[in-house]
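# Breakdown of the fold
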Amino acid sequence: MKKSMLSIKQSYGVGALGILAIFGILMLVCETGTATLYIKSIMMTACIAIIMTTSLNLTIGVLGQLTLGCCGFQAIGAYTAALLSKLLVANGVVMDDTVRFLLVTIIGGVVACIFGILVGIPALRLRGDYLAIITLGFGEIIRVIIQNLKFAGGAGLDKGQAGQALIGIDRLANLYVVFWITVVTVVVLFMFGRSKYGRAVKAIRDDEIAASASGLNTTYLKVMVFAISAFFAGIAGGIFAQYIGSLTPAMSGWLYSINYVIMVVFGGMGSITGSIVSAIGLTVLPELLRAFAEYRMLVYSVALVLVMIFRPQGIFGSWEFSLPKLINRIFYPKRHNKDGNQDNADSKGQTEKTRTGVAQRTAQKEAAVGVAHSDASLAKPVLKASTQGEEVQ
């Protein structure tokens, strides 16, 4: 195993500096007027797509279960945040816009998480296509319920009208705040995947029967992953509601869920890096192709088909980008190669020791078997002679 030139604390520090550098570039582009309102809207949409894709990757890539109801949880979080924001304003509650935005968004995520638990307990007893069908039905149920709720349409609450879009939502979403919410989401999901719980979930993905036989509570872990994924989908929904300013029940439809599934598969199932890159790429690509309005979706579809043919595991597979490893390769190439060679030599030495030990044990077993056979061959004449003596007597 290659030794890192940076300690664990230094690696975390380098990662934090990388995030701050990206945020600095974002501020520079926005504050200098380089980014137009249109570009800022694409950035906001990309952040929402990153949150949705990375949270869905936890279920599809890490747990290995196909779900098609992620937009149902997004819709729950969106309508909860929007209606709660309207309720606070209607009751005259005065608070800072950013505080209100964060409060109602988190509550929307919590409500979506509760629904995730309620749906996950019975649904996760199934696997594969059956689970996909159940979650697909869940998204449609959410759409129909929202469409028939009076307080979830029109102006909302006591002025609502069933069957209409929810309008008049305060647009409190700020690009800088949403950026940091996206960063926290990615970091939490990244750390979860490498925690003991993440390793246990991966064991369930690889072989659920073996994981259960090893003592893992597979039902608890699967529901936990489903709830975490639903929570962050609800967070994305809350951001979406307070950015767009209006909501329709159609946002929980299965077509939108499939769009996020495509992003996960496109980037690589199990790869946070792949989910981020694919979310950004598949958000920007349709916008770049607007000049070819007649062929835009055709080119988009062909690109997806080509990736699935030549890279069925996704662009990144299960690979993750690491800034500390990149720095080690750039600034410590000799030390990096030396450590790599030393590790290879140690590995070869360990392999030779293992082979020698196996050969010695095999020789000992063969010698023991040979001694047993020789003892048996010596015992046969003695036994025969003693039998003949008894007969003579």
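An account of the accompanying structure is given in this report. (Residues numbered from 1 in each chain as written. Predicted model: local features only at pLDDT ≥ 70, side-chain atom pairs only at ≥ 80, totals over all residues. Heavy atoms only, no water.)

Applying the stated criterion across every chain, the model contains nine aromatic pairs. Aromatic pair Phe23 and Trp180: ring centres 5.1 Å apart, planes at 50°, arrangement tilted. Placement of Phe23 in helix 1 (residues 8–31) and of Trp180 in helix 6 (residues 175–193) is noted, with a sequence separation of 157 residues between them. The class of Phe23 is buried, set by a relative accessible area of 14%. One aromatic cluster is present, formed by Phe23, Tyr176, Phe179 and Trp180 through successive ring pairs. Over the face of the ring belonging to Phe190 we find Arg194, whose NZ or CZ atom lies 4.1 Å from the ring centre. (Phe/Tyr/Trp six-rings, centres within 6.5 Å; stacked < 30°, edge-to-face > 60°. Helix = DSSP H or I, 4+ residues; strand = E, 2+ residues; numbered from the N terminus. Buried < 20%, exposed > 50% of the residue type's maximum accessible area, 1.4 Å probe, protein only. Lys NZ or Arg CZ within 6 Å of the ring centre and 35° of its normal.)

Okay, the environment of Ala203 next. In this fold, Ala203 is placed in helix 7 (residues 196–206). Among the residues examined, Ala203 registers a relative accessible area of 29% and is labelled partly exposed. Distance in space between the C-alpha atoms of Ala203 and Leu63 is 8.6 Å, their sequence separation being 140 residues. Discounting chain neighbours no more than four positions away, the residues touching Ala203 are Glu208, Ala211 and Leu216. (Contact = heavy atoms within 4.5 Å.)

Grouped together as the largest cluster of nonpolar side chains are 79 residues, with contacts concentrated most on Met44, Phe101, Ile239, Leu247 and Tyr260. The leading source of residues in this core is helix 9 (residues 218–244), at 13 residues. Setting aside chain neighbours within four positions, we find Phe101 in contact with Leu172, Ala173, Val177, Val178, Ile181, Ile239 and Gln242. (Core = buried A, V, L, I, M, F, W, Y, C linked by side-chain atoms within 4.5 Å.)

What follows concerns the state of the cysteines. Every disulfide links exactly two cysteines, by a covalent bond between their sulfur atoms. Within the structure shown, the criterion is met by zero disulfides. Cysteine Cys71 is unpaired, with the sulfur of Cys70 as its nearest cysteine sulfur at 4.3 Å. (Disulfide = S-S within 2.5 Å.)

A word on the side chain of Thr185. Following the sequence through the fold, Thr185 ends up in helix 6. We classify Thr185 as buried; its relative accessible area is 1%. Excluding residues that lie within four positions of it along the chain, Thr185 makes contacts with Ile51, Thr54 and Phe232.

What follows deals with the pattern of salt bridges. Summed over all chains, the structure comprises five salt bridges. With its nearest N and O atoms 3.4 Å apart, the salt bridge here joins Arg205 to Asp206. Exposure remark for Arg205: the relative accessible area of 35% places this residue in the partly exposed category. Using a relative accessible area of 59% as the deciding quantity, one classes Asp206 as exposed. Of the charged contacts, one joins Glu208 and Lys222 as a salt bridge, the two residues approaching to 3.2 Å between their closest N and O atoms. Pair noted here: Glu208 is in helix 8 (residues 208–213) and Lys222 is in helix 9, with a separation of 14 residues, a long-range link. For the pair Glu208 and Lys222, one class covers both residues: buried. Through salt bridges with shared partners, a single network forms among Asp97, Arg100 and Asp170. (Salt bridge = Lys/Arg side-chain N within 4 Å of Asp/Glu carboxyl O.)

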